[in-house]
Amino acid sequence: MDYSVLRDQFQTNGYTIARGLFSPVEAAFYRNHYMALREARRYTGDLVNQWDDGAQDPLQRYPRMFNMHHWDAISREWLLHERIGRCLTALLTQEPYAIQTMIYFKPPGARGQALHQDQYYLRARPGTSIAAWMALDPTDEANGCLQMAPNTQNLPLICPVEADESQSFTTIVVPLPPGV
């Protein structure tokens, strides 16, 4: 892995992609692990949408899991995995603090999360939060891949507006500035 290329892409675009950082076999291991945890029970910190519109919402059965590293050793090992640490250290030019784990399930028919700024939720000071995202299944625009707004890494926090709840399981969205 050429960390200088990743760092240059990150500084230019506000994101980078470390393709192949984990193998398909490793991704399948994590996918199977989290599916087994999700099927087993509910956990403190599970994040379910905040409304009940009477519809059959697949996210009621597959809510996000939050901060699993507090109670699951595999999650803690992944959060602190040396390959992730090397990548993030190269991007930040200093070692990051690991503070949060989250797993999103996106079953067929489920809503995604509207465009947002992580800093709105985390309120890290001095505002230097960074996320590592790993797809455990193949993703594309049709099934709900992560979408990024390039070259927005230096924007201040933008006041969110009301999200379209038929598309998002969260109630707010960040409107993109003109030209973005």
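Basis of the calculations
Residues numbered from 1 in each chain as written. Predicted model: local features only at pLDDT ≥ 70, side-chain atom pairs only at ≥ 80, totals over all residues. Heavy atoms only, no water. Patch = residues over 30% accessible without salt bridge, like charges linked within 9 Å, V, L, I, M, F, W, Y side chains within 5 Å. Areas by Shrake-Rupley, 256 points an atom, 1.4 Å probe, with all protein chains shown as cover. Salt bridge = Lys/Arg side-chain N within 4 Å of Asp/Glu carboxyl O. Helix = DSSP H or I, 4+ residues; strand = E, 2+ residues; numbered from the N terminus. Buried < 20%, exposed > 50% of the residue type's maximum accessible area, 1.4 Å probe, protein only. Arc of directions from axis to C-beta. Contact = heavy atoms within 4.5 Å. Phe/Tyr/Trp six-rings, centres within 6.5 Å; stacked < 30°, edge-to-face > 60°. Lys NZ or Arg CZ within 6 Å of the ring centre and 35° of its normal.

**Q** In this structure, what is going on with a nonpolar patch on the surface? I would like to understand it.
**A** Where nonpolar side chains cluster on the molecular surface, the patch consists of Tyr97, Ile99, Tyr121 and Leu122 and spans about 490 Å² of accessible area. Secondary-structure assignment places Tyr97 in the loop between helix 5 (82–92) and strand 2 (102–103).

**Q** How should I be thinking about the environment of Pro24 in this particular structure?
**A** Among the structural elements, Pro24 can be located in helix 2 (residues 24–40). Distance from Pro24 to Ala142, taken between C-alpha atoms, is 21 Å for residues 118 residues apart in sequence.

**Q** Even after reading the chapter, I still don't get helix 5, so can you show me in this structure?
**A** Among all positions of helix 5, only Ile84, Cys87, Leu88, Ala90 and Leu91 are buried. Each buried residue of helix 5 lies within a common arc of 155 degrees when the element is viewed along its axis, so the set occupies one face. Looking at the buried side of helix 5, the elements it contacts are helix 1 (3–13) and helix 4 (73–79). Downstream of helix 5 by a residue or two, Thr93 has a phi angle that is positive, lying close to 60 degrees.

**Q** What should I look at first to understand the environment of Ala135 in this one?
**A** Take Ala135: it is sitting in the loop between helix 6 (118–122) and strand 3 (161–162). According to the relative accessible area criterion, Ala135 is partly exposed, its value standing at 30%. Expressed as a C-alpha distance, the spacing of Ala135 and Asp57, which sit 78 residues apart in the sequence, is 22 Å.

**Q** Would you mind showing me how to read the pattern of salt bridges here?
**A** Side chains that differ in charge, positive against negative, can pair when their charged atoms come close. Summed over all chains, the structure comprises three salt bridges. Its salt-bridge partner being Arg83, residue Glu26 comes within 2.6 Å of it at the nearest N-O pair. With Glu26 in helix 2 and Arg83 in helix 5, the pair connects residues that are 57 residues apart, well separated along the chain.

**Q** Would you mind showing me how to read the packing of aromatic side chains here?
**A** Centre-to-centre distance and the angle between the planes together describe a pair of aromatic rings. Scanning the entire structure with this criterion turns up six aromatic pairs. Ring centres 6.5 Å apart and planes at 70 degrees place the aromatic pair Tyr30 and Trp78 in the edge-to-face group. Of the two residues, Tyr30 sits in helix 2 while Trp78 sits in helix 4, which places them 48 residues apart along the sequence. Classification of Tyr30 as buried rests on a relative accessible area of 9%. Overall, the relative accessible area of 17% leaves Trp78 in the buried class. For the ring pair Tyr104 and Phe169, a centre distance of 5.9 Å and an interplane angle of 35 degrees mean the geometry is tilted. In this pair, Tyr104 sits in the loop between strand 2 and helix 6 while Phe169 sits in the loop between strand 3 and strand 4 (172–173), placing the two residues 65 residues apart along the sequence. Relative accessible area serves as the criterion here: at 7%, Phe169 is assigned to the buried category. Members of the aromatic cluster, connected to one another through ring pairs, are Phe22, Phe29, Tyr30 and Trp78. The ring of Phe22 has Arg83 sitting right over it, with the charged end atom 4.6 Å from the ring centre. Taking NZ or CZ as reference, Arg123 lies 5.1 Å from the ring centre of Tyr120, over its face.

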